[in-house]
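A closer look at the structure
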Amino acid sequence: MNRSLSIAISLSVLAVALALVSIAVGAYTLSLPDLVATLFGGGATSDRFIVFKLRLPRVVLAVLVGIAFGLAGALFQSLLRNALASPDIIGISGGASVAAVLSLFVFGASGLAVSMSALGGALVVAFAIYLLSWRSGMNGMRFVLIGVGIAFMAQAVLGYLITRGDVRDAQQALVWMVGGLGGASWEDILIMAVSLAVLLPAVAVLAGKLRILQLGDDLAAGLGVSVQRSRLALIVVAVALVAIATALVGPIAFVAFVSAPIARRMVRGGGLALIPSALVAIVLVLSSDFVAQHLITTGTQVPTGIVTGIVGAPYLLWLISTTNREGHTS
């Protein structure tokens, strides 16, 4: 058994264990036999309500958005050959947040309308970054630098909107901007599942072209790959993954950023590591949500994004300090 496969199996087992613990543990804890019976259609009425109405939707949505964030981060970082090329760093998540907060404050939107606004904002920002970075082709470093600039602009706009908005709207906006799974529903799960059913085959088809693009534009063109068309298609797929996930759960910080580097270090290879990246993201989201719900006692439930931010921020600082010393990112 090769290392990639063994790592994928280990991460899958860990993810299943975390999912079962997340479903079982809470103010009312289910024993393992009761949990298994309930999941297979048995169990008491109260157990079925707790599992299928309260806990299972949250866990399933965590798995689905973990897949989306993990794959999006891996695609961006591999395509642009830069460890900083993550949706939360280059402004795409920021664009989604600005659009969502605008819809809350200006149009009084809620629910699905806020999610669709976030999706539109992410797509618009990604398209703007692509156009601004185009100079007879797209340069990865230019794309990242322009994205970082737009991310700062998005933060400034968000700060202005929140300080000028109604206190209740500002509180709602802040909760959404941190990102969390508290509002998970089966409708959200259906949207995310259908989106992945469309986008995952596209990732599988484009993965081969991405491997060739990593050899360099000239060599890729010599091997018959349409470089700019393939790169644009990969960006569209990656943006769609992160935009839909962000629209449903908010911009859960650093999941897309750290998942691929962790996965590549685990498999000890320089390849795409798409499946390990998705599995690492699932584990990160599930474990962070469990910590936010049960291990941080503040009197109110802590959003998942706060825990992922605590994990991701030190990694970002380490990466920047490494870049400053060595002149490049790993």
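Being a predicted model, the structure only gives us computed values, none of them experimental.

1. Observations concerning helix α11 (residues 255-267)
Since the α-helix packs 3.6 residues into each turn, any two residues three or four apart lie on the same face. With 13 residues, α11 extends 18 Å between its outermost C-alpha atoms, agreeing within 8% with the 18 Å of an ideal straight helix rising 1.5 Å per residue. Here α11 lies mainly inside the structure; ten of its 13 residues are buried. Looking at α11, one finds that the buried residues are V255, A256, F257, V258, S259, A260, P261, A263, R264 and V267. Once α11 finishes, R268 follows within two positions and takes phi at roughly 55°, a positive value.

2. Comments concerning the nonpolar core
The nonpolar side chains of a soluble globular protein tend to be buried with one another. Counting 109 residues, the largest nonpolar core has F69, L75, M192 and L241 as the members making the most contacts within it. Here this core gets 18 residues from one element, more than from any other, and that element is helix α3 (residues 45-80). In this structure F69 touches V242, A245, T246, V249, G250, I252, V255 and A256, once residues within four positions along its chain are discounted.

3. Observations regarding helix α4 (residues 92-105)
Over its 14 residues, α4 extends 20 Å from the first C-alpha to the last, a length consistent with the 20 Å expected when each residue adds 1.5 Å. Of all 14 residues in α4, 13 are buried, a share of seventy percent or more.

4. Observations concerning the packing of aromatic side chains
The final tally for this structure, using the stated rule, is two aromatic pairs. Aromatic pair Y130 and W134: ring centres 5.9 Å apart, planes at 40°, arrangement tilted. Judged by its relative accessible area of 9%, Y130 is buried. With a centroid separation of 5.9 Å and 45° between ring planes, the pair formed by F254 and F257 is classed as tilted. Like F257, F254 is buried.

5. Here's the deal with the side chain of S78
By the secondary structure assignment, S78 is in helix α3. Among residues more than four places away in sequence, those in contact with S78 are L210, Q214, R264 and L272.

6. Notes on the environment of L284
When you line up the elements, L284 lands in helix α12 (residues 274-295). Sequence separation between L284 and L232 is 52 residues, and the spatial gap between their C-alpha atoms is 29 Å. When neighbours within four sequence positions are excluded, L284 is seen to be in contact with V255, V258, S259 and V311.

Rules and cut-offs
- Residues numbered from 1 in each chain as written.
- Predicted model: local features only at pLDDT ≥ 70, side-chain atom pairs only at ≥ 80, totals over all residues.
- Heavy atoms only, no water.
- Helix = DSSP H or I, 4+ residues; strand = E, 2+ residues; numbered from the N terminus.
- Expected span 1.5 Å × (residues − 1).
- Buried < 20%, exposed > 50% of the residue type's maximum accessible area, 1.4 Å probe, protein only.
- Core = buried A, V, L, I, M, F, W, Y, C linked by side-chain atoms within 4.5 Å.
- Contact = heavy atoms within 4.5 Å.
- Phe/Tyr/Trp six-rings, centres within 6.5 Å; stacked < 30°, edge-to-face > 60°.

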